[in-house]
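# Observations on the three-dimensional arrangement
Each chain, written out:
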Amino acid sequence: MRFIRFVVNFLFISLVFIFLSCLRNNSDNLENLLLENIEEDIYIDPLRERATEIVSLMDDRILAAQVLISGIDGNRNLSPNMIELFTEIPAGGIMLFRYNLNTDSITIRNFLNEASAFLYEHSGITPFMAVDHEGGSVNRFSRDITTLPAAVSYWDIFLEEGRETALEKIKNDSFKSARDINALGVNMNFAPIAEYLIDENRVFMASRSYGSDPVFTAQAATAFLQGMESAGVLCVVKHFPGSAGVDPHYALSVLNWDKNALDKLIFPFAQLINNGARAIMAAHTLTPAIDSEIASLSSVVMQNWLRGELGFDGIIISDDFIMAAAGNQKPQDAAVRSIAAGSDMILVWPAHLRLTHQAILNALEDGTLPRERLTDAVQRIVYEKLKMGLIQ
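The structure presented is a predicted model; accordingly, all values stated were derived computationally and were not measured.

## Observations concerning the packing of helix H4 (residues 80-88) against helix H14 (residues 350-366)
For the pair H4 and H14, the least separation of the axes is 11 Å and the interaxial angle reads 20 degrees. In terms of orientation, H4 lies roughly parallel with respect to H14. For the crossing formed where H4 meets H14, the hand is left-handed. Of the residues in H14, those in contact with Met82, Glu84, Leu85, Phe86 and Glu88 of H4 are Pro350, Leu353 and Arg354. Grouping the constituent residues of the contact of H4 with H14 by class yields five nonpolar, no polar and three charged.

## Side note on the side chain of Ser116
Mapped onto the elements of the fold, Ser116 is located in helix H5 (residues 105-123). In contact with Ser116, not counting residues within four places along its chain, are Thr126, Pro127 and Met129.

## Examining the nonpolar core
Ranked by size, the top nonpolar core spans 126 residues in total, and within it Phe86 and Phe190 carry the most contacts. Phe190 has contacts with Ile69, Met95, Ala130, Val131, Asp132, Glu134, Val236, Lys238, Met281, Ile317 and Leu347, leaving out every residue within four places of it along the chain.

## Side note on the pattern of salt bridges
With the rule as written, the count across this model stands at 21 salt bridges. In this structure, Lys238 and Glu134 form a salt bridge, with 2.8 Å as the shortest nitrogen-oxygen distance. You can see Lys238 sitting in strand S8 (residues 237-240) and its partner Glu134 sitting in strand S4 (residues 133-135), a full 104 residues away along the chain. The exposure class of Lys238 is buried, given its relative accessible area of 2%. The exposure class assigned to Glu134 is buried, which follows from its relative accessible area of 9%. Ionic contacts of the salt-bridge type, sharing partners, join the residues Arg48, Arg307, Asp313, Asp344, Arg373, Asp376 and Arg380 into one network.

## A few points about the packing of aromatic side chains
Summed over the entire model, instances satisfying the criterion amount to eight aromatic pairs. With centroids separated by 6.0 Å and ring planes inclined at 15 degrees, the aromatic side chains of Phe97 and Tyr99 adopt a geometry described as stacked. Centroid distance Tyr154 to Tyr210: 6.3 Å. Interplanar angle 45 degrees. Geometry classified as tilted. On the criterion of sequence distance, the pair formed by Tyr154 in helix H6 (residues 151-161) and Tyr210 in the loop between helix H8 (202-205) and helix H9 (214-229) is long-range, its members being 56 residues apart.

## Looking at H4
Taken together, the buried positions of H4 are occupied by Met82, Leu85 and Phe86. For H4, the buried positions fall inside an angular range of 90 degrees around the axis, keeping them on one side. The secondary structure elements touched by the buried residues of H4 are strand S1 (68-70), strand S2 (93-96), H5 and H14.

## Focus: the sheet that holds S1
Strand order in the open sheet formed by six strands is S7-S6-S3-S2-S1-S13, and the pairing between neighbours is parallel. On the outer flanks of this sheet lie strand S7 (234-235) and strand S13 (346-348), each paired with one strand and no other. Note that S1 and S2 share two bridges and pair parallel. By the bridge assignment, Ser70 is partnered in S2 with Ile94.

## Describing the environment of Pro192
Secondary-structure assignment places Pro192 in the loop between strand S6 (188-189) and H8. Taking relative accessible area as the criterion, Pro192 reaches 2% and is therefore assigned buried. Spatially, the C-alpha atom of Pro192 lies 8.9 Å from that of Ala220, the residues being 28 residues apart in sequence. Not counting the four nearest positions on each side in its chain, Pro192 is found in contact with Tyr210, Ala221, Phe224, Cys235, Val236, Val237 and Lys238.

## With respect to the sheet that holds strand S12 (residues 315-318)
Across a sheet, paired strands are connected by hydrogen bonds in the backbone, their directions being either parallel or antiparallel. Across the sheet, three strands lie side by side as S8-S10-S12; this open sheet has parallel pairing. Of all the strands in the sheet, just S8 and S12 have a single pairing partner and so form its edges. With strand direction ignored, the average angle separating the axes of adjacent strands in the sheet is 30 degrees. Relative to strand S10 (residues 279-282), S8 runs parallel, the two being bridged by two bridges. Paired with Phe240 across the two strands is Ala282, which belongs to S10.

## With respect to the confidence of the model for the protein
The predicted model of the protein averages 90 in pLDDT, with 89% of residues at 70 or higher. pLDDT under 50 marks residues 1-20. Its contacts with residues more than four places away, or in other chains, come to zero contacts.

## Points about the packing of H9 against helix H11 (residues 267-274)
It is at 9 Å that the axes of H9 and H11 come closest, and there the two elements cross at 40 degrees. Taken as axis vectors, H9 and H11 run oblique relative to one another. Note that H9 runs across H11; the crossing there is right-handed. Here H9 contributes Pro214, Val215, Thr217, Ala218, Ala221, Thr222 and Leu225 to the contact with H11, which in turn contributes Phe267, Pro268, Gln271 and Leu272. Classifying every residue of the contact of H9 with H11 gives eight nonpolar, three polar and no charged.

Rules and cut-offs
- Counting starts from 1 at the beginning of each chain's written sequence and moves along it residue by residue.
- pLDDT decides what is reported in this predicted model: residues at 70 or higher carry local features, side-chain atom pairs at 80 or more are listed and counted, and totals for whole chains, interfaces and linings draw on all residues regardless.
- In computing side-chain values, all of the structure's heavy atoms are included and hydrogens and water are not.
- Axes, fitted as lines to C-alpha atoms, cover a helix only where it is in contact. Angles between the N-to-C directions of the axes lie from 0 to 180 degrees.
- In this text, helices come from DSSP runs of H or I with a minimum length of four residues, and strands from runs of E with a minimum of two, each type numbered from the N-terminal end.
- Each angle gets one of four labels, with under 35 degrees taken as roughly parallel, over 145 as roughly antiparallel, 65 to 115 as roughly perpendicular, and the rest as oblique.
- Crossing handedness is defined as follows: a turn of the near helix away from the far one that is anticlockwise and smaller than a right angle gives a left-handed crossing, while the clockwise case is right-handed.
- In this description, contact between two residues means that some pair of their heavy atoms is separated by no more than 4.5 Å.
- Any residue outside Ala, Val, Leu, Ile, Met, Phe, Trp, Tyr, Cys, Pro, Asp, Glu, Lys and Arg is labelled polar, Gly included; the first ten of those are nonpolar and the last four are charged.
- To qualify as a nonpolar core, a set must consist of buried Ala, Val, Leu, Ile, Met, Phe, Trp, Tyr and Cys residues joined through side-chain atoms within 4.5 Å.
- To sort residues, take the accessible area from a 1.4 Å probe on protein chains only and compare it with the maximum for the residue type: under 20% means buried, over 50% means exposed, and anything in between is partly exposed.
- Salt bridges are defined as contacts in which a side-chain nitrogen from Lys or Arg sits within 4 Å of a carboxyl oxygen from Asp or Glu.
- When two rings of Phe, Tyr or Trp (its six-membered ring) have centres within 6.5 Å they constitute a pair, described as stacked for plane angles under 30 degrees, edge-to-face for angles over 60, and tilted for the intermediate range.
- Here the arc refers to the directions that run from the helix axis out to each C-beta atom.
- By definition, two strands form a pair when at least two bridges between them are found by DSSP.
- pLDDT expresses how confident the predictor is about each individual residue, on a scale running from 0 to 100.

So, in structure tokens, the structure goes:
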């Protein structure tokens, strides 16, 4: 009997020991897991810290200038008008058109280098040098550049030769062309278009779309983006959330779809965000199911939908506010409203540059534009410029 009690006690003590050992091991594992999660939570991207530091040193004049992408006169040297404007308002970017780029490569390179260096001298920040370079009919260069075919031509390759062949060609073509334009001084491209063809946009989009398959459109736009950005050119995916059947330069663009249908429409944008898109252009498209404001003026579209639901954390650039789809408001008023609603950069023509810059300063002073919103926008801009090596 005594022997049996001994065995029972021994087994009991052994089980207790094993239980405590397991508990201690699990506790150690739990502690390690918690520590790993804490380390992930407290990790801060050093470039974001640096961007915050740089922006904290900017005065209001520079802050208000950094959110502007300005057009520029001429094609050989900075004109006296642009020298005066850029001295006062060293814009965060320059948008280039065919009349700026219709000379030879050496002249273009010298012109863009002069403009970029001038803005750097007056702000300490290298500007984005941007162009619409989609391919096909949307081509601002007249010579010396590897031309890109229309986007729809890759849809034909996809149908005839298969998906992988089409995607590989897109990536190779965009890389070669980006290498050429980057050598001239271009570092931002308002492309690719991530809108697949539907009945509502077919006439307007035509050859600019990668076709009617949303999956292929997402893959094709991603391949374009990867090719361009591997050659040093930042892509601005456009036009979120999509275009209707009219040209927004001349008329209001309306998508009378419910939210479920719109979510299907923006599928390529969602995929591109997951694939690392760093800049997106907000369209002047009205989506009544989402908001009563056009996308480029809507915090619901830009902050709640694009940033909140889709998780986009890059730069939002509004489309040009002199387009008819933007309404009859003054461009400078629209610019302030757009930034307050969530956009980070505004396209502006030289004739409106001073008015727009002053409107931003006025809104900052009277609280119409919260300072936190403006500094948030500029931090995103500076962060991307740091990633691109435009700021040392």
